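Analysis of the macromolecular model
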Amino acid sequence: DVKVTQSSRYLVKRTGEKVFLECVQDMDHENMFWYRQDPGLGLRLIYFSYDVKMKEKGDIPEGYSVSREKKERFSLILESASTNQTSMYLCASSLSLTGVMNTEAFFGQGTRLTVV
Amino acid sequence: AQKVTQAQTEISVVEKEDVTLDCVYETRDTTYYLFWYKQPPSGELVFLIRRNSFDEQNEISGRYSWNFQKSTSSFNFTITASQVVDSAVYFCALSWGGGSQGNLIFGKGTKLSVKP
């Protein structure tokens, strides 16, 4: 079974803090994603990575950065947390089959971040 | 622009009723992939089905069935004889391009409540 693990289920941070959200997958997937989920807005893509050290901005990258130093780990960084970044954050990974098909993404359990 | 629209925000049915969740997508790519995910109250998204743009054959899996119609850009999901355990938020998603692309966007989701 594919396992995507997010380091924390719940986090409470103060405004201005630097926040790291960690995600690890154990299936050697090339693609990894960070989404945030807010009521009425669905899942919005923040960043994705298709290889080590490679990253692409999603729809809402402002205020976030990412790091992918190893294939299995994809970190989301809030440089200076703000209250409008209070949300549920979901990490996902998928296999890349170049030229064949886009495979389904597997999701972690989510991290509910509250910025106070 | 790529877009997924789930017009139904919430649906409430009584157990054993049939229910259809609508999904309309927009893409200029000729190669694309459509997905449905289920998010139960526990929060983790669960993959249900993947369809590529070259395969319009409908699919049935137990009480679940999917109707893919390119002519109307729709990929609707029907649950037959709904059960309380079907209560969840359901997301339709779109991915495009070749297998190396990491893009995957979601609709805003439809919350299904099945009452006993």
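Being a predicted model, the structure only gives us computed values, none of them experimental.

Remark: a regular strand shows side chains that alternate across the two faces of the sheet. All names here are of chain B. Strand β10 (residues 88-96) sits mainly inside the fold: 8 of its 9 residues count as buried. As judged from the 8 bridges shared by strand β5 (residues 32-39) and β10, these two strands associate in the antiparallel manner. Bridging from a neighbouring strand, W36 pairs with C92 of β10. Across 3 bridges, β10 lies against strand β12 (residues 110-115) in antiparallel orientation. Each bridged residue has a counterpart across the sheet, and for V89 the counterpart in β12 is K111.

The next thing to look at is the confidence of the model for chain B. Taken as a whole, chain B shows an average pLDDT of 90; of its residues, 95% reach a score of 70 or greater. No element of chain B has a lower mean pLDDT than strand β7 (residues 59-61) of chain B, which averages 86, and none a higher one than strand β3 (residues 19-21) of chain B, which averages 98.

Glancing now at the environment of T30(B). Topologically, T30(B) is positioned in the loop between β4 (24-26) and β5. In contact with T30(B), other than residues within four places in its own chain, are S53(B) and F54(B).

Another point: the pattern of salt bridges. Oppositely charged side chains can pair when the atoms bearing their charge come close. Inspection of the entire model under this criterion finds 10 salt bridges over all chains. Ionic pairing is found between D86(B) and R63(B), a salt bridge with its closest N-O pair at 2.8 Å. Residue D86(B) is located in the loop between β9 (74-79) and β10, and its partner R63(B) is located in the loop between β7 and β8 (64-69); the two are separated by 23 residues in the primary sequence. Classification of D86(B) by relative accessible area gives buried; the value is 1%. The network of salt bridges with common partners includes D28(A), E30(A) and K71(A).

Calculation notes
- Residues numbered from 1 in each chain as written.
- Chains lettered and ligands numbered in written order.
- Predicted model: local features only at pLDDT ≥ 70, side-chain atom pairs only at ≥ 80, totals over all residues.
- Heavy atoms only, no water.
- Buried < 20%, exposed > 50% of the residue type's maximum accessible area, 1.4 Å probe, protein only.
- Helix = DSSP H or I, 4+ residues; strand = E, 2+ residues; numbered from the N terminus.
- Pairing = 2+ DSSP bridges.
- pLDDT = per-residue confidence, 0-100.
- Contact = heavy atoms within 4.5 Å.
- Salt bridge = Lys/Arg side-chain N within 4 Å of Asp/Glu carboxyl O.

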